[in-house]
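# Remarks on the overall topology
Here's the letter readout for the chains.
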Amino acid sequence: MSELIKEKIEQTLDCPVTRRRFIQSLLLAGAVAAMPGGILKPFRSDAGIVYEGDYQIFRNACPRNCYDTCSIKSYVKDGVLQFIEGSPESTFTDGGLCQKGYEYVRRAYSPDRIKYPMMQEGRGTGNWKRISWDQAMDKIAKKILALKEKDGSLLGLALTKYSGNFGITNYCVEGMMSSLGYTTRMVGTPCWPAGIDAQNFDMGDMWCNDPEDMANSRYLILWGVNPAACSVHSMKYIYEAQERGAKVLVIDPVFSETAAKADMYWQVKTSTDGALALGMARHILDKGMVDEGWVKQNSIGFDEFADYLRKNVTVEWAAKESGVPAKQIVRVAEEFATADPATIWIGYGLQRHTNGGANVRAIDALVAMTGNIGKTGGGARYGHLYTWGFNYHALVMKQPKGSKGWTGKAGPKGEFDFSEGGAAKYSDRGLNINKTAQELLDATDPAVKMLWVSCKNPLSQDFDKNKLKKAMKQLEMVVVVDQFFNQTVELADIVLPVTTLFEEWTVDVSYWQYWLSINEQAIKPMFEAKSNLEIAAALSAKMNALSPGSCTYPTKIDTKEWMIKEFNKGIYGLFGINSWEDLKKGPRKAKVHPASWSDLKFKTPSKKYEFKSETAVKWGHKALPEYKAPRKPYAPFQLLTPHSKFGIHSQFINIDWMHDINPEPFVYINPEAAKKKGISDGDKVRVFNKVGEMVLKAKLGDNVPTDTLLMYEAWFAKNPYNVNNLVDDTSADMGAYKTGAPGVAIHDQFADIAKA
Amino acid sequence: MINEEKALLRATSLRDFFIARDAPEMADAYQSLIKSVKTAAPIPADWKDIEFAFNRLFVGPNSLPSPPFASVYIDSEPQIMSPSTIRIRQIYGMLGLTSPYEGSLPDDHLSLELDASIHFKTALNRNDSAELRGLWRYFLVDHLGLWIPQFVNRVLSTKGVPQAILFAVNQLKDWLKEEISAVPTVEQVNL
């Protein structure tokens with residue numbers, strides 16, 4: 001009987017008509033009335049929110065640091081996000097997301113989301129108090145004003161922000177800093193700086209072909225990149241090329257998921273890719289397979305490069321350095337040189353070495369000398385920022401009048417710095433983001449006393465974690481803006497809840513594909529989450545209330561309006577749209593030639609491809625793509641910490657659905673090496689080096705070379721695992737030219753292993 | 001205070017306790033709760049520690065051992081804003097009520113549901129009807145009765161929970177038990 005009642009009630013609830021009838025009868029009977037002191041309030045049928053009806057569809061985009069930047073269609077019913085799918089209109093997204101993207105509803109609606117501004121009494125104690133936004137802004141503003149009073153500038157306030165959210169309006173965080181005064185900025189990028197410099201020395205810009213044109217390639221070398229894990233949407237173009245008869249070679253120290261799909265696999269010795277590329281170049285030169293016409297018309301310095309090759313490089317030498325057999329080098333070199341078109345996808349992992357930039361230059365040279373640059377299906381593919389020409393309205397803010405700042409060498413620009421920095425008396429102080437810990441410890445005159453963390457998780461992602469924890473002890477206030485508790489929030493004084501992509505207006509593009517997506521606000525922000533724009537406005541309001549004129553950021557912001565303000569004629573023209581509203585019907589693709597550099601008008605000083613680059617010399621490098629030896633190992637094993645498909649850097653790893661398929665972290669070791677150490681599959685082991693140590697389980701697999709240990713980046717929720725306990729902050733060779741600081745040799749790390 | 005008043009005070013105190021934003025609000029609600037029951041209650045020395053523990057259990061910023069949202073316990077996936085949350089929203093609507101949070105706080109937060117329970121009792125007192133009895137029975141037995149015991153168990157099995165919070169949670173458990181024992185019978189619900 002009880003079950004029948006339950007059923008009947010549920011039927012009544014599910015049908016809008018019967019629901020209304022029920023309410024009517026209750027109201028007529030005078031049964032229901034408002035109650036003083038209660039929480040629930042009377043429901044008016046003319047009230048704003050409609051809780052009946054079909055799905056509302058919104059357009060969103062994944063704003064993560066990922067090649068794919070998927071266009072998303074979000075389905076909302078009753079004001080609640082029900083499910084999402086990849087937009088079918090984008091040929092790149094092609095209607096599908098990835099295993100991370102499909103967990104977005106779970107992120108938005110996790111009971112563990114950071115819900116309110118909170119203050120920790122004693123960093124790391126876990127003793128948190130809930131505070132109002134007003135109280136939070138008050139504490140923060142007062143601290144900022146106190147710093148200004150003490151130092152005469154805001155150089156004691158530092159911002160560390162990177163790629164947690166690439167929605168364009170999120171550059172408001174940098175804008176917010178500028179609107180307060182001249183501050184300290186962690187500048188540079190751990191991601192791709194060496195390669196960016198290399199491509200700039202060679203061609204005058206980093207500008208890749210449309211990835212969708214890989215289907216047209218006749219020969220693809222996937223060099224130090226693992227798209228099967230890290231750019232799943234690109235795989236279909238590789239498969240298409242294969243189906244059309246193209247050959248795919250994967251070069252990677254590890255037999256990756258992508259290697260399993262290739263026609264050939266080379267297990268290159270880590271960091272010797274430059275030697276391998278130069279060896280192939282030497283053979284192509286010897287065989288007379290250089291595209292002489294292309295080289296003569298479109299480049300400078302090839303004769304010097306050829307000379308260098310003849311004097312310094314042989315195939316045998318390249319084979320010895322790289323571990324790839326000479327016979328293979330010779331055959332592939334010839335195949336690559338004769339295939340038309342041929343392309344190389346240069347991965348970011350490949351350049352995370354002390355010789356990373358030099359390695360990329362050598363690979364670029366291989367593509368150029370075979371005449372494959374500027375061709376559909378060709379190209380030295382790395383990345384681009386071609387579609388990022390927005391107004392950056394949220395970013396460009398003036399410092400308050402009378403602000404004092406850094407008078408040293410002009411502040412460096414990061415690669416995502418789209419502000420038109422002119423010459424100024426003062427500037428921000430730039431510190432190397434890749435040496436955050438050391439820079440915080442060393443900064444003086446004034447010292448850094450306050451840190452604002454947004455779109456970044458330094459305690460998970462920054463190198464030499466122990467040093468960073470030490471550096472943070474000197475900070476008087478740490479403000480962290482985030483969605484979930486992590487190792488950075490753990491050490492915060494104040495945490496501010498930020499919106500997910502479904503709860504804010506913004507616009508998104510990719511650094512790999514050529515699509516533009518609008519990101520509409522699909523649902524009301526959960527709890528008290530605010531977007532970074534709203535946070536900037538709130539801080540400015542409080543700053544100006546306490547000290548008029550102390551912050552130039554507007555205090556009232558319509559975030560939808562500010563999204564619209566990002567659009568300009570350039571964007572409309574590039575994408576062939578009349579207004580941002582066109583994007584409500586779906587994402588749009590840039591109307592460009594699929595091949596970058598198709599006009600062969602390079603942006604170098606000579607306007608040609610520069611095998612010999614004077615700019616490189618200016619920045620302390622060799623003019624030619626000469627071989628640079630790898631970092632000398634200081635421990636028996638190479639330690640690689642590549643990206644996992646279970647997370648985007650520190651995001652998604654902590655989602656409970658992800659734990660179902662990725663329940664615990666491992667160190668991967670080759671069975672031969674394991675045998676020598678007496679380690680069996682599943683054994684608890686210690687991985688250790690001069691930076692720190694880690695205790696975890698070992699997994700045996702021969703896809704890892706015998707001299708290598710592999711651990712996936714970077715942390716694991718509710719687990720002390722963090723690869724940065726073992727990774728130091730040694731610089732890569734390049735990066736300072738275009739990104740403000742050299743990169744990090746993330747994969748030039750070494751360690752030993754023993755049974756625990 | 002007569003029984004009915006005390007019962008109402010207990011329900012409102014529990015409601016206010018579990019949605020308290022800071023130590024003073026927790027202390028106020030707790031004071032009212034003590035007044036409403038016969039059981040001897042622990043008197044906290046320092047409400048600051050209670051506040052820290054309260055946030056650890058029910059608010060954040062770390063992951064919660066005992067989230068105070070029904071859907072986490074009764075829907076197929078432990079998340080908020082699930083189908084059962086919409087059901088609760090519909091039930092509020094049936095009573096002519098809506099949450100002022102408009103979805104930014106899940107409708108099935110413990111305190112909103114306690115508030116709804118108070119409305120139900122008031123409505124039943126004012127004008128009893130079979131429909132109302134049926135709806136209340138459903139809400140109490142087929143919803144609150146399903147998730148609150150799980151929620152209570154989560155708190156009771158967490159280490160280091162202060163006595164005051166344990167007391168409040170046990171009072172919640174008692175409240176539920178008493179309400180269920182007094183719920184309209186199947187025969188009294190004539191649908």
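Everything here concerns the structure above.
What this report covers is the structure whose coordinates are included nearby.

Analysis parameters
Residues numbered from 1 in each chain as written. Chains lettered and ligands numbered in written order. Predicted model: local features only at pLDDT ≥ 70, side-chain atom pairs only at ≥ 80, totals over all residues. Helix = DSSP H or I, 4+ residues; strand = E, 2+ residues; numbered from the N terminus. Rg over C-alpha atoms; globule rule 2.2 N^0.38 Å. Buried ≥ 20, exposed ≤ 12 C-beta atoms within 10 Å, placed from the backbone. Contact = placed C-beta atoms within 7 Å. Nonpolar A, V, L, I, M, F, W, Y, C, P; charged D, E, K, R; others polar. Pairing = 2+ DSSP bridges. Axes fitted to C-alpha atoms, helices over the stretch in contact; angles between N-to-C directions. Parallel < 35°, antiparallel > 145°, perpendicular 65-115°, else oblique. Left-handed = near helix turned anticlockwise from the far one by under 90°. Expected span 1.5 Å × (residues − 1). Arc of directions from axis to C-beta.

Scanning chain B from N- to C-terminus turns up eight helices and one strand. Each helix (α) and strand (β) of chain B, taken in turn from the N terminus, gives the series α-α-α-α-α-β-α-α-α. The C-alpha atoms of chain B give 16 Å as radius of gyration, which agrees with the globular expectation for 191 residues (16 Å, within 12%). Expressed as lengths along the three principal axes of its C-alpha atoms, the size of chain B is roughly 50 × 40 × 30 Å. Each of the 191 residues in chain B was classed as buried or not, and the buried ones make up 50%.

A few words now on the interface of chain A and chain B. Note: interface size is frequently given as the accessible area lost on complex formation between the parts. Facing the 52 residues of chain A at the interface are 59 residues of chain B. Taken together, the elements giving at least two residues each to the side of chain A that touches chain B come down to α1 (2–14), α2 (16–28), β1 (41–42) and β6 (128–130) of chain A. Here the side of chain A that touches chain B is composed, by residue class, of 32 nonpolar, nine polar and 11 charged. Pairing of β1(A) with strand β1 (residues 97–98) of chain B, which is carried by two bridges, proceeds in the antiparallel orientation. Within the sheet, the bridge partner assigned to A:P42 lies in β1(B) and is B:L97.

Moving on to the sheet that holds strand β23 (residues 637–640) of chain A. The six strands lie next to each other as β23-β27-β24-β26-β25-β28 (chain A), forming a closed barrel whose pairing is mixed. On average, adjacent strands in this sheet sit at an angle of 45 degrees to one another, irrespective of strand direction.

Turning next to unusual backbone geometry. Working note: non-glycine residues mostly have negative phi, and peptide bonds are mostly trans. Residue and element names in this part refer to chain A. Cis peptide bonds are those with omega within 30 degrees of zero, and the linkage from D340 to P341 qualifies with 5 degrees. Inspection of the secondary structure puts P341 in the loop between α13 (326–338) and β13 (342–346). That bond from E713 to A714 is cis: its omega, -20 degrees, falls within 30 degrees of zero. Mapped onto the elements of the fold, A714 is located in the loop between β27 (708–710) and α24 (736–739). Residues other than glycine seldom take positive phi values, yet D78 does so here, at roughly 60 degrees. Mapped onto the secondary structure, D78 falls in the loop between β3 (71–77) and β4 (80–86). For F527, which is not glycine, the phi dihedral falls at a positive 50 degrees. Secondary-structure assignment places F527 in the loop between β20 (515–519) and α18 (532–546).

With that settled, consider the packing of helix α7 (residues 130–156) of chain B against helix α8 (residues 163–181) of chain B. All names here are of chain B. Direction vectors running N to C along α7 and α8 enclose 155 degrees, while the axes themselves pass 10 Å from each other. Judged by the angle between their axes, α7 and α8 are roughly antiparallel. Remark: the crossing between α7 and α8 carries left-handed chirality. The segment α7 lies against α8, with L140, V141, L144, G145, I148, V152, V155 and L156 engaging L166, V169, L172, K173, L176, E179 and I180. Along the lines of polarity and charge, the residues of the contact of α7 with α8 split into 12 nonpolar, one polar and two charged.

Below, the discussion takes up the sheet that holds β20(A). Adjacent strands of a sheet pair through backbone hydrogen bonds, lying either parallel or antiparallel. All names here are of chain A. Overall, antiparallel pairing links the three strands, which are arranged β19-β20-β21 in an open sheet. The open sheet has two edge strands, β19 (506–509) and β21 (588–589), and neither has a second partner. Note: β19 against β20, four bridges, orientation antiparallel. Bridge assignment links T506 to a residue of β20, and that residue is N519.

This brings us to helix α4 (residues 133–151) of chain A. Three- or four-residue spacings in an α-helix give side chains the same orientation, since the helix completes a turn every 3.6 residues. Residues and elements named next belong to chain A. Taking 1.5 Å per residue, 19 residues should reach 27 Å; α4 reaches 27 Å between its end C-alpha atoms and fits that length. Along α4, the residues classified as buried are A136, M137, I140, A141, I144, L147 and K148. Burial along α4 is one-sided: seen end-on, the buried residues are contained in an arc of 120 degrees. Exposed residues lying more than 90 degrees from the buried face of α4 are E149 and K150.

As a further point, take the environment of A:F83. With respect to the element layout, A:F83 can be found in strand β4. If near-sequence neighbours (up to four positions away) are discounted, A:F83 is found in contact with A:Y75 and A:V105.

This part takes up helix α6 (residues 193–203) of chain A. Burial within α6(A) is extensive, with 11 of its 11 residues counted as buried. Three or more residues of α6(A) are buried, namely A:P193, A:A194, A:G195, A:I196, A:D197, A:A198, A:Q199, A:N200, A:F201, A:D202 and A:M203.

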